[in-house]
Every structure is written in C-alpha cells, then in structure tokens.
Amino acid sequence: MTKLKRMAVLAGTAFCAVAPGQVHAQAAGQWANPTHVYTKICGNCHEIGVGPRLKGRKLEVDFIQQTVRRGLKAMPAFRVTDVDDPMLVKLAEFLSTSERASK
Ligand code: HEC
C-alpha cells in the first residue's frame, strides 16, 4: 500500500468513527421542549399556511402522533430519529391543549 493510500484509508476510518456519534448525539438531545420541535419543524409549514393551523383546534393527541409518524398527503412522515416517542407525546399534548395562535 502506498503512503498516500494508507492516509486515505486512515482518513476514511476516522470519518466513519466520528459520523455516527454525531448523528446519535443530535438525535438524543436535540430538542429542548415541544415548543422547540414545533418552531424548528412543524412551524416551517404550519405557521406559514403550507399546512393547516394546528394550535387552538383541540386536535386529538393520537391523531397528531399518527399524522407525524405516517405523514399525510403533502406532509412528510417524521421518524423516531427526527422526534423520539416521548417528545412526540409531549408535542402532541402541547398542540392539543394550546390556545389559538395570535396570527
Ligand atoms: C413540509 C411541511 C410540513 C411539515 C414540516 C409538517 N407538516 Fe403537518 N401538514 C402539512 C400539510 C401540507 C398538511 C395537510 C395535509 C392534507 O390534508 O393535505 C399537514 C397536516 C397535518 C395535520 C393534520 C391537520 C388536519 O387538520 O387534518 C397534523 C396533525 C399535522 N400536520 C401535524 C404536524 C406536526 C406535529 C408537525 C411537526 C412535527 C408537522 N405537521 C410538520 C405539512 C407539514
């Protein structure tokens, strides 16, 4: 093996060793609270009229969870690596009980 090739292999190994760790760290502690998830993900569509308004409609917690996991027509599905189950429950409860947004 040439010196150059060996360096390339080493560089590749280092990359593989680091990348999954970063992904995991991001998935595990990524969301501070349901409002954070709503602002960073849902709000990109649901606060700008791409998706229907969610707040203040007393939508069922189960319905919200299923919609997020399965997707709905133009809305993509979100996986546990996007929003984990405990946070999805909190998010659904937050939306279900939230007051109507001011705008
Ligand atoms: C890429 C844009 C987009 C994102 C991001 C998005 N949605 Fe949606 N969502 C939509 C669209 C569009 C619809 C309407 C689908 C239809 O009925 O045609 C929808 C529908 C819904 C519905 C059904 C509402 C109803 O009145 O039937 C719920 C509940 C919902 N979204 C929750 C969420 C939650 C919670 C998040 C964040 C985790 C989220 N959505 C993120 C686009 C999005």
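Residues numbered from 1 in each chain as written. Predicted model: local features only at pLDDT ≥ 70, side-chain atom pairs only at ≥ 80, totals over all residues. Heavy atoms only, no water.

Student: Sorry if this is basic, but what is going on with the overall build of the chain here?
Tutor: Across its full length, the chain holds four helices and zero strands. Secondary structure elements in the chain, listed N-terminal to C-terminal, are α-α-α-α. Here the chain holds 103 residues, and the buried ones make up 24% of them. Long-range pairs, those at least 24 residues apart, make up 61% of the contacts in the chain between residues at least 6 apart in sequence. Split by element, the accessible area of the chain, about 7,500 Å² in all, is 61% carbon and sulfur. (Helix = DSSP H or I, 4+ residues; strand = E, 2+ residues; numbered from the N terminus. Buried < 20%, exposed > 50% of the residue type's maximum accessible area, 1.4 Å probe, protein only. Contact = heavy atoms within 4.5 Å. Areas by Shrake-Rupley, 256 points an atom, 1.4 Å probe, with all protein chains shown as cover.)

Student: Looking at this model, I keep getting lost on the nonpolar core. Mind explaining?
Tutor: The nonpolar side chains of a soluble globular protein tend to be buried with one another. Formed by 15 residues in total, the largest nonpolar core has its most connected members in Val37, Val83 and Leu91. Elements that contribute at least two residues to this core include exactly helix H2 (34-46), helix H3 (61-70) and helix H4 (85-97). Considering every element that reaches this core, the biggest residue donor is H4, with five residues. Discounting chain neighbours no more than four positions away, the residues touching Leu91 are Pro34, Val37, Tyr38 and Cys42. (Core = buried A, V, L, I, M, F, W, Y, C linked by side-chain atoms within 4.5 Å.)

Student: Which parts of the structure should I look at to understand the coordination of the iron atom of the ligand?
Tutor: A metal bound by six donors in octahedral fashion has ideal angles of 90 or 180 degrees, whereas one bound by four tetrahedral donors has an ideal angle of 109.5 degrees. Only His46 (NE2) and Met75 (SD) from the protein coordinate the iron atom of the ligand, and they sit 1.9 to 2.1 Å from it. Since its relative accessible area comes to 22%, Met75 is described here as partly exposed. (Donors = N, O, S within 2.8 Å, 3.2 Å for Na, K, Ca; no water.)

Student: Please clarify how the packing of H3 against H4 should be interpreted in this entry.
Tutor: For any two helices packed against each other, the geometry comes down to the angle between their axes and how far apart the axes lie. It is at 9 Å that the axes of H3 and H4 come closest, and there the two elements cross at 130°. Regarding the angle of H3 to H4, the classification is oblique. For the element pair H3 and H4, the recorded crossing hand is right-handed. In this structure, H3 uses Val61, Ile64, Gln65, Val68 and Arg69 to contact H4, whose residues at the interface are Asp85, Leu88, Val89, Ala92, Glu93, Leu95 and Ser96. Within the contact of H3 with H4, the residues separate by chemical class into seven nonpolar, two polar and three charged. (Axes fitted to C-alpha atoms, helices over the stretch in contact; angles between N-to-C directions. Parallel < 35°, antiparallel > 145°, perpendicular 65-115°, else oblique. Left-handed = near helix turned anticlockwise from the far one by under 90°. Nonpolar A, V, L, I, M, F, W, Y, C, P; charged D, E, K, R; others polar.)

Student: Any chance you could explain the packing of aromatic side chains here in plain terms?
Tutor: Centre distance and the angle of the planes are the two values used to describe a pair of aromatic rings. This model, assessed by the stated rule, comprises one aromatic pair. Ring plane angle 65° and centroid distance 6.3 Å describe the contact between Tyr38 and Phe94, whose orientation is recorded as edge-to-face. Taken together, the positions of Tyr38 in helix H2 and Phe94 in helix H4 put the pair 56 residues apart, joining distant regions of the chain. Looking at Tyr38, the relative accessible area reads 3%, which means it is buried. (Phe/Tyr/Trp six-rings, centres within 6.5 Å; stacked < 30°, edge-to-face > 60°.)

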